[in-house]
Number of protein chains: 2
Amino acid sequence: MTQSREVHLVNRPDATPLPSDFQVVTVDVPAPGAGEVQVRNSWMSVDPYMRGRMRDVKSYSAPFTLNAAMTGGAVGEVVISNDPTLQVGDLVQSMNGWREVFNAPAATVQKVSATIPAQAYLGVAGMPGLTAYVGLLHMASLKDGDVVFVSAAAGAVGQIVCQIAKLKGHKVIASAGGPEKCAWLKSIGVDEVIDYRAESNLTKALLKAAPEGIDVYFENVGGTHMDAALAAANPFARFALCGMIAGYNNPEGASVNNLMMAVGKSIRLQGFIVSNHAAQYGADFQRDMVGWISSGQIKWNETIENGIENAVTAFLKLFTGENTGKMLVKLS
Amino acid sequence: MTQSREVHLVNRPDATPLPSDFQVVTVDVPAPGAGEVQVRNSWMSVDPYMRGRMRDVKSYSAPFTLNAAMTGGAVGEVVISNDPTLQVGDLVQSMNGWREVFNAPAATVQKVSATIPAQAYLGVAGMPGLTAYVGLLHMASLKDGDVVFVSAAAGAVGQIVCQIAKLKGHKVIASAGGPEKCAWLKSIGVDEVIDYRAESNLTKALLKAAPEGIDVYFENVGGTHMDAALAAANPFARFALCGMIAGYNNPEGASVNNLMMAVGKSIRLQGFIVSNHAAQYGADFQRDMVGWISSGQIKWNETIENGIENAVTAFLKLFTGENTGKMLVKLS
């Protein structure tokens, strides 16, 4: 019988997750039933939002079950098909990540084209790309002349936000940690890059990079980044609140002191979850993004760990900022 | 020659303003020129936003000039008119507060009707009333079924927010400091009143008052009030950010820890300054508010200090919460 390794959450972390909060378990995968396919995952995604699912609290996505395989984005190849809609060899996307092989009803996986690299469906052409698109264009209501500030700009979402803003003709200021990420951002055309680890005063650095002030802020970090953005914002600025990774493991890390500036400057802060907007903007996104990739206007970077045994390592690196671009785990 | 007393700002306060930061000065008021009127103020307004104007920083309203009369809302009676558009005895509204008598071009003051009490033009029928109206109905996009939370609810703006929400059929939770204010809020029909001074955990108190969660928050306070509102908010809640008085004298007092909840709950926070919306919503407001006052659906409370020599005292009481309803200074 086919075997698969999968990653279980065995303990709900209070602060930064530890490797001991997880366990890699080997399971037997029986033959798929009628109407089912068996899929061998090629790639799985690790994303910051998964940290929230490790808590046992009501949230926008259900908490992970303890001592069961976690879930998340994955792309893989159909190896057995008991359904006429899918053939062996088809590339499919699913939420059955954190495992090597799985059976599922054919209708619960989505066939994707092999014209772009498979892992792009977990990044630029997938949820992170849609997040960038919806956040910048719709939540922050990007308009002509806006100066755009992006935090965690070298991450899976941030790198796409920067490039969409650039291809639409905006001045873009990006913040990232370390010289390697900053060099990557320069290489994709970002106007001003701030290495926040090298700055003792982020507000000052931002005001120097954008003396005219910022009109749009794409928020991935929180804490001092939010305070700097509030301080540098022009009247009627719009902030898309996508994530605040500084506070995921330590809520104190996301403490904000300048929120009262939002009153005097008439700032709008819009929190959002991309899944609420996929139906409305998904088709526009697919059309625009395929065009931008084809014309070479959107590039991407990725950081890869190999093997399910390194999936937890890959996840934990999200919180120490060791990824440039999308963090991925190659499974086969 | 007519004499007038006026209040000067003589020092820009760093933290809580002190009486010594102000000086009452007696000046001569000459006869008004051609096209001018002379007005004796009956009432002047003190408002929290004036604290911001004491700082020498770029903001939505210009800083007060040192060693000159401050400005602010006032209503008074024309005592000399050199312009055909205004008659002696007319009631006029102006921004020439913080003084007893002034000359001004007739076009810079606004004639108002004496069918409602004069001081209402500084409160329920003036800027605070319009702030409540615009903030609740337009910034927070109030819609059927919304549960509404209001902080500083017994203040000039808060008391009107509560009543507009009630007359439109909503459940309203109000926060105020002390039993007297809470009793007033109960008397105007607020469903649940939280005396925040008597609560060690505001979030717990709010969740008890609104176990179904809140959909709209009208923010006047900041700090722990904002954190409680974020914690109790339902998905897609809308916050109107009108003021954050907790931080006006001490920016640390407005520190917010829960802002990251705005991401998962898709909350919209909209800062606003009422003057940016007066042209758009002023006429609707006047029509609705006159109707609500006439039908007895809107009541108001006010706290009065007498004489220009007590204007600074009245202003300082805003920050210790000693006013119930609109804080006013009666000048004649």
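Small disclaimer: the values here were computed from a predicted structure and weren't measured.

(A) Structural detail: the overall build of chain A. Each helix and strand counted, chain A has nine helices and 15 strands in total. Against the 2.2 N^0.38 benchmark of 20 Å for 332 residues, chain A shows a C-alpha radius of gyration of 20 Å, consistent with a compact globule. If you take every contact in chain A between residues at least 6 apart in sequence, the share linking residues at least 24 apart comes to 67%. On chain A, roughly 13,100 Å² of surface is accessible, and the fraction owed to carbon and sulfur atoms is 52%. Computed over 26 positive and 29 negative side-chain charges, the separation of the two mean positions in chain A equals 4 Å.

(B) Spatial organisation of the interface of chain B and chain A. Facing 29 residues of chain B, the contacting portion of chain A comprises 29 residues. Both faces combined, the contact of chain B with chain A buries some 2,400 Å², and carbon together with sulfur accounts for 63% of it. Three residues, Leu259(B), Met260(B) and Val263(B), lead the burial of chain B against chain A; their summed loss comes to 27% of the area buried on that side. At the boundary of chain B with chain A, the tally comes to zero salt bridges. With four residues, strand 13 (residues 268–271) of chain B is the single largest residue contributor to the side of chain B that touches chain A.

(C) Structural context of the relation of the copies chain B and chain A. Expressed as a screw operation, the relation of chain B to chain A combines 0.0 Å of axial shift with a rotation of 180°, fitting to an RMSD of 0.0 Å. Between the two chains, the operation in question is that of a two-fold axis. A shared binding surface is used by both copies, with 100% of the interface residues of chain B retained as interface residues in chain A.

(D) Region of interest: helix 4 (residues 179–187) of chain A. Residue and element names in this part refer to chain A. Regarding helix 4, the residues found buried are Lys181, Cys182, Trp184 and Leu185. In a view along the axis of helix 4, the buried residues occupy a sector of 160°, so they form one face of it. Away from the buried face of helix 4 by more than 90 degrees, exposed residues Pro179, Glu180 and Ser187 are located. Turning to helix 4, the residues buried within the fold contact helix 3 (158–167), strand 9 (171–176) and strand 10 (192–195). One or two steps after helix 4, the chain reaches glycine 189, where phi turns positive at roughly 95°.

(E) Local environment of the side chain of Gln38(B). The residue Gln38(B) is located in strand 3 (residues 36–45) in this model. Exposure remark for Gln38(B): the relative accessible area of 3% places this residue in the buried category.

(F) Representation of unusual backbone geometry in the model. All names here are of chain B. The backbone phi angle of tryptophan 98 is positive, close to 65°, even though this residue is not glycine. Phi at serine 141 takes a positive value of approximately 45°, unusual for a residue other than glycine. Mapped onto the secondary structure, serine 141 falls in the loop between helix 2 (127–139) and strand 8 (147–150). Residue classification places serine 141 among the partly exposed residues on the basis of a relative accessible area of 27%.

(G) Spotlight on the domain arrangement of chain A. Residue and element names in this part refer to chain A. When cut into domains, chain A gives domain 1 (2–123 + 300–330) and domain 2 (127–275). One C-alpha centre belongs to domain 1, the other to domain 2; they are set 29 Å apart. Regarding the contact of domain 1 and domain 2, the summed buried area is about 1,500 Å², with carbon and sulfur atoms giving 55% of it. Linking domain 1 to domain 2 there are zero salt bridges.

Thresholds, definitions, all that
Residues numbered from 1 in each chain as written. Chains lettered and ligands numbered in written order. Predicted model: local features only at pLDDT ≥ 70, side-chain atom pairs only at ≥ 80, totals over all residues. Heavy atoms only, no water. Helix = DSSP H or I, 4+ residues; strand = E, 2+ residues; numbered from the N terminus. Rg over C-alpha atoms; globule rule 2.2 N^0.38 Å. Contact = heavy atoms within 4.5 Å. Areas by Shrake-Rupley, 256 points an atom, 1.4 Å probe, with all protein chains shown as cover. Lys, Arg positive; Asp, Glu negative; His and termini not counted. Charge placed at Lys NZ, Arg CZ, Asp CG, Glu CD. Buried area = accessible area lost by both parts, 1.4 Å probe. Salt bridge = Lys/Arg side-chain N within 4 Å of Asp/Glu carboxyl O. Least-squares fit on C-alpha atoms with pLDDT ≥ 70 in both. Buried < 20%, exposed > 50% of the residue type's maximum accessible area, 1.4 Å probe, protein only. Arc of directions from axis to C-beta. Domains from an automatic or database assignment.

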